[in-house]
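# Architecture at a glance
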2 protein chains.
Amino acid sequence: MKQIIIAVDAMGGDNAPGAVVRGCLSALRAHDDLAIRLFGRAEAVRPLLEEAGSEKSRIELIDAPDEITMHDEPMLAVRRKTESSMVKALMDVREKRADAVVSAGSTGALFLGGMAYVRVVRGIDRPALAPVLPGLNKPFLLIDSGANADCQPRYLLQFGLMGSVYMNRVLGVKTPDVGLVNIGAEDAKGNRLVKEAYHLMSAQTVYHFAGNCEARDVQFGNFDVVVTDGFTGNVILKYAEGLTSVLFKQMKLAAKSSVRAKLGGLLLKPALSSLREKMNADEYGGAPLIGLEGTVVKAHGSSNDFAFGKAVEQARLMVLRDVTGRIREGLAEISAGEASRV
Amino acid sequence: MKQIIIAVDAMGGDNAPGAVVRGCLSALRAHDDLAIRLFGRAEAVRPLLEEAGSEKSRIELIDAPDEITMHDEPMLAVRRKTESSMVKALMDVREKRADAVVSAGSTGALFLGGMAYVRVVRGIDRPALAPVLPGLNKPFLLIDSGANADCQPRYLLQFGLMGSVYMNRVLGVKTPDVGLVNIGAEDAKGNRLVKEAYHLMSAQTVYHFAGNCEARDVQFGNFDVVVTDGFTGNVILKYAEGLTSVLFKQMKLAAKSSVRAKLGGLLLKPALSSLREKMNADEYGGAPLIGLEGTVVKAHGSSNDFAFGKAVEQARLMVLRDVTGRIREGLAEISAGEASRV
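Here the residue numbering is sequential within each chain, running from 1 through the sequence in written order. The naming scheme follows written order: chains are lettered A onward, ligands numbered 1 onward. Since the coordinates come from a predicted model, pLDDT governs what is reported: local features require at least 70, and pairs of side-chain atoms require 80 or more to be given and counted, while whole-chain, interface and lining totals use all residues. Each side-chain value is worked out from all heavy atoms of the structure, with water and hydrogens disregarded.

Take the relation of the copies chain A and chain B next. It takes a turn of 180 degrees to lay chain A on chain B, together with a shift of 0.0 Å along the axis; the resulting RMSD is 0.1 Å. With respect to symmetry, the two chain copies, as superposed, fit the operation of a two-fold axis. Of the C-alpha atoms belonging to chain A, the one lying closest to the rotation axis is found on G264 of chain A, 1.9 Å away. Of all interface residues in chain A, 100% are interface residues in chain B too; the two copies therefore contact each other through one and the same surface. Here the copies were fitted onto each other by least squares, based on C-alpha atoms from residues at pLDDT of at least 70 in both. The contact criterion used is simple: two residues touch if any of their non-hydrogen atoms lie within 4.5 Å.

Structure below.
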């Protein structure tokens, strides 16, 4: 059995290092083939490892005296804080001591650090941040969800490939339906970026391009992969967070508006809590940074034990199923297709 | 008392001409200063006017033998279907027989027709579609919500002015807070368009620019005007529709998941219905097409009597409060400011 080694940034996220360490231990208990190299301030992290049982033999603590915080300017931090837990974890993958990195720290720093240290797959213009989100019928991958605010049509073509490979290899979707976020279902709609991306995506045959995806259909689950530029993707992601929270808040208020409503709210509470749970994306782990030579997963900044453990398991699966290798093959097929059409 | 004359497209929308005519009659009953010129196929519309009482004297039916449908290519339809109810209503404003147009027909055709026949205010680069939407604490105007898929920073600067004037004059907000949709609250964030628009909006002093508005805060009601390009704005609008509908559907399912939940759902139903009502934007009328020389309001395609009536009342208020005149003044002030800084 090949061992999968994951470098973990113990200091990133709101609940670090406690939730990170506990998440790692639960992932280790779930998978015998997993080993973790944990980067963080030794004096802060070591006591937390006391909880570990037999899985302790598969977790190694490596001291990283510095850390990147949310106040750091990402580009500067990644370049200068070479003794930080995040950069040391990224270097571990670059130097082949680990197969993957998981961090709940600054998204910007992890993205730029991933590009600089783990490096971009040759032929990929831009890696992308691609969380799996809960839909009405099935989960879907939103790519790019915020890494690249300005995009070229070619990037979107590649996002389709990257997302399709992820959903196929990690979530087991046989032939993922890839949609392009647009402001109408007809192919002539949209801004310049989307119109040109539509043509590029239609012309390739490596993944299944299912056409435009109107924003109102993003959540309805007809697409497995939803492609968009990082600005629009981030707007969708954040808007969904805001609107969901507003609706649940309003519902709570509604359930206090009368004695009758109060009783109803009390009776309905368990069912609504499980709905809220269902709309929670933690189940699917963190957001993979797809398009890098190694596996990099961004766990949510507010990850608890469960969410962080899921992100580690997700990184393991990405390595095991060789997502990066399949993206490389797909890129070659797209290029060959382009060449044969010329 | 000055009479306000509104040209109404009787044939546009899913429920035309019935809901349109009934909406017009109710607006006439509510406002003595209102007169309506109704454009549509005489044989279809005349019988509906039988319902009218004394308000009949202020509604005039003008035969328009043709109509623009959702299947028409907007640009071609607007140019060629000069005998359609929509084009005839627009011409009525151009030729000063009416002060405003209201239509529930094709958005694309109304936008292009408005630009061609009613014409753009001198100095405005692009008119915008700007519906008022329900927020958590107060309503907000989303500008542009889909008319201009590709935008320049200057357009966004002007959208801020247009939105601010509308919220001040029509909804009575003293000093509207204008936000710019962005993927972070810091001013250095975003794509090229937004970064440059941020600088232009910060530099003017005619309206109150309150900074970046993260998508998650759009619905929370800290801004009165939310400025964005038409692609992003349309994504927000449509995504909100989709997500709200999914959440309410899921809630219905949750309220069927057990006997306990069923009873709770039954008790909570009136409170949730009034919440659903609160999230309904019909109260604020249709989406004004701001930046044209005359007032143009796009009523929702699915408008019922109530919604269409509200759209007519909204057009009346836009004329009464001289939204267009104030935009002209504001533009002159922005230009004067630019000149004084040169």
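Anyway, onward from the coordinates.
Residue and element names in this part refer to chain A. For the purposes of this entry, the term helix denotes a DSSP run of H or I that reaches at least four residues, the term strand denotes a run of E that reaches at least two, and both are numbered from the N terminus. Position of S103 among the secondary structure elements: in strand β4 (residues 100–103). Summary of the burial criterion: residues with accessible area below 20% of their type's maximum are buried, those above 50% are exposed, and those between are partly exposed, where the area comes from a 1.4 Å probe applied to protein chains only. The class of S103 is buried, set by a relative accessible area of 0%. When neighbours within four sequence positions are excluded, S103 is seen to be in contact with D9, M86, L110, V297, K298, A299 and F308.

Right, let's get into the packing of aromatic side chains. Residues and elements named next belong to chain A. Only the six-membered ring of Trp is used, alongside the rings of Phe and Tyr, when aromatic pairs are assigned; centres must lie within 6.5 Å, and planes under 30 degrees apart are stacked while those over 60 apart are edge-to-face, with the rest tilted. With the rule as written, the count across this model stands at two aromatic pairs over all chains. Between the aromatic rings of Y198 and F209, the centroid separation amounts to 5.3 Å while the plane-to-plane angle is 75 degrees, which identifies the pairing as edge-to-face. Placement of the pair is Y198 in helix α7 (residues 192–203) and F209 in strand β9 (residues 208–214), with a sequence separation of 11 residues.

Attention now moves to the sheet that holds strand β9 (residues 208–214) of chain B. All names here are of chain B. Read across the sheet, five strands follow the order β6-β7-β10-β8-β9 without closing on themselves; strand pairing throughout is mixed. Single-partner strands in this sheet number two, and they are β6 (132–133) and β9. Criterion used throughout: strands pair if DSSP finds at least two bridges between them. Where strand β8 (residues 177–182) meets β9, six bridges bridge the pair, whose relative direction is parallel. Each residue of the ladder has a partner; that of D177, found in β9, is H208. Each of β8, β9 and β10 (225–227) is contacted by helix α7 (residues 192–203), which is oriented at about 165 degrees to β8, the strand it contacts most. Geometry is summarised by axes, namely lines fitted to C-alpha atoms with helices restricted to the contacting stretch, and by angles between N-to-C directions that run from 0 to 180 degrees.

On to helix α6 (residues 153–169) of chain B, then. Taking 1.5 Å per residue, 17 residues should reach 24 Å; α6 of chain B reaches 25 Å between its end C-alpha atoms and fits that length. The element α6 of chain B is largely enclosed, with a buried count of 14 among its 17 residues. Multiplying 1.5 Å by the residue count of a helix minus one yields the expected span of that helix.

Attention now moves to the sheet that holds strand β12 (residues 295–298) of chain B. Strand pairs in the sheet, formed through backbone hydrogen bonds, run parallel or antiparallel to each other. All names here are of chain B. The sheet built from seven strands is open, its strands ordered β3-β2-β1-β4-β12-β11-β5 with mixed pairing. Lying at the two open borders of the sheet, with one neighbouring strand each, are β3 (59–63) and β5 (128–129). Looking at chain direction, strand β2 (residues 34–40) and β3 are connected through five bridges and run parallel. Considered in β3, the bridge of G40 is made with D63. Helix α4 (residues 85–94) contacts β1 (4–9), β2, β3, β4 (100–103) and β12 of the sheet and is inclined by roughly 140 degrees relative to β2. This element, helix α10 (residues 305–320), spans β1, β2, β4, β11 (287–290) and β12 of the sheet and lies at about 140 degrees to β1.

This part takes up the pattern of salt bridges. When the charged atoms of two side chains with opposite charge come close together, those side chains can pair. Residue and element names in this part refer to chain A. Here, a salt bridge means any Lys or Arg side-chain nitrogen found within 4 Å of an Asp or Glu carboxyl oxygen. According to the stated counting rule, one finds 40 salt bridges over all chains in the structure shown. In this structure, R29 engages E55 in a salt bridge whose closest nitrogen and oxygen atoms are separated by 2.7 Å. Taken together, the residues span a long stretch of sequence, with R29 in helix α1 (residues 18–30) and E55 in the loop between α2 (42–45) and β3 (59–63) at a distance of 26 residues. Through salt bridges with shared partners, one network takes in R37, E60, D92, E95 and R97.

On a regular strand, one side chain projects to one face of the sheet and the next to the other, so that they alternate. Burial along strand β11 (residues 287–290) of chain A is two-sided: the face carrying A287 and L289 of chain A and the face carrying P288 and I290 of chain A are both buried. Between the antiparallel neighbours β11 of chain A and strand β12 (residues 295–298) of chain A lie four residues, among them G291 of chain A with a positive phi of about 110 degrees.

Take a positive patch on the surface next. All names here are of chain A. Residues K249, K252, K256, K262, K269 and R276 make up a contiguous surface patch of positive charge. No other element matches the three residues that helix α9 (residues 259–278) contributes to the positive patch. Along the chain, the position of K269 falls in helix α9. Here the term patch refers to residues with relative accessible area over 30% and no salt bridge, with like charges joined within 9 Å and nonpolar side chains (Val, Leu, Ile, Met, Phe, Trp, Tyr) within 5 Å. In short, Shrake-Rupley with a 1.4 Å probe defines the accessible areas, and a residue's cover is counted only from the protein chains shown. Positive charge is attributed to Lys and Arg, negative charge to Asp and Glu, and no charge count is given to His or to the chain ends. Charge coordinates come from a single atom per side chain, which is NZ of Lys, CZ of Arg, CG of Asp or CD of Glu.

A few words now on helix α8 (residues 230–254) of chain A. Given 3.6 residues per turn, any residue in an α-helix points the same way as the ones three and four places further on. All names here are of chain A. Its 25 residues place the ends of α8 36 Å apart at the C-alpha level, agreeing with the 36 Å of an ideal helix rising 1.5 Å per residue. Burial within α8 is extensive, with 20 of its 25 residues counted as buried. By the criterion applied in these results, polar contacts are pairs of N or O atoms within 3.5 Å in which, for protein atoms, one can donate a hydrogen and the other can accept it, and in which residues neighboring in sequence qualify only through two side-chain atoms. Two or three places before F231, at the opening of α8, D229 has a side-chain oxygen 3.0 Å from that residue's backbone nitrogen.

Attention now goes to the state of the cysteines. Residues and elements named next belong to chain B. For this text, the term disulfide refers to a pair of cysteine sulfurs within 2.5 Å. Under the criterion given, the structure shown has zero disulfides over all chains. The thiol of C213 is unpaired, and the distance to the nearest cysteine sulfur, on C151, comes to 16 Å. C213 sits in the buried class, given a relative accessible area of 1%.

So, on to the confidence of the model for chain A. Note: predicted coordinates in regions of low pLDDT should not be interpreted at a detailed level. With 96% of its residues at a pLDDT of 70 or more, chain A shows a mean pLDDT of 91. Both scores are given for the predicted complex: the pTM is 0.90, the ipTM 0.88. Note: pLDDT gives the predictor's confidence per residue, expressed from 0 to 100.

With that out of the way, let us pick up the nonpolar core. We define the nonpolar core as a collection of buried residues of types Ala, Val, Leu, Ile, Met, Phe, Trp, Tyr and Cys that are connected through side-chain atoms lying within 4.5 Å of one another. Residues L38 of chain A together with L38 of chain B are the most contacted members of the largest nonpolar core, which totals 187 residues. Ignoring anything within four residues of it in the chain, the contact list for L38 of chain A reads V8, A10, V20, V21, C24, V45, L49, I59, E60, L61 and I62 of chain A.

Residues and elements named next belong to chain A. The residue M318 is located in helix α10 (residues 305–320) in this model. When the C-alpha atoms of M318 and L141 are compared, they prove to be 14 Å apart, with 177 residues separating the residues in sequence. Here M318 is in contact with Y166, V170, P288, T295, V297 and V323, once residues within four sequence places are set aside.

Turning our attention to the interface of chain A and chain B. Listed by partner, the interface residues are 52 residues for chain A and 52 residues for chain B. Buried area: the accessible area, evaluated with a 1.4 Å probe, that two parts lose upon being put together, summed over both parts. Between chain A and chain B, roughly 5100 Å² of surface is buried when both sides are summed, and carbon and sulfur atoms account for 72% of that area. Its largest share of buried area at the contact with chain B, chain A owes to I183, F231 and Y239 of chain A, together 15% of the area lost on that side. The interface formed by chain A and chain B includes four salt bridges. Two residues, E241 of chain A and R216 of chain B, come together in a salt bridge whose shortest N-O distance is 3.3 Å. The interface formed by chain A and chain B contains eight residue pairs in polar contact (both at pLDDT 80 or more). Mapped onto the side of chain A that touches chain B, the elements with two or more residues apiece are β8 (177–182), α7, α8 and α9 of chain A. Here the side of chain A that touches chain B takes 20 residues from α8 of chain A, the largest share from any one element. Put simply, Ala, Val, Leu, Ile, Met, Phe, Trp, Tyr, Cys and Pro go in the nonpolar bin, Asp, Glu, Lys and Arg in the charged bin, and everything else, Gly too, in the polar bin. Per-class residue counts for the side of chain A that touches chain B are 30 nonpolar, 13 polar and nine charged.

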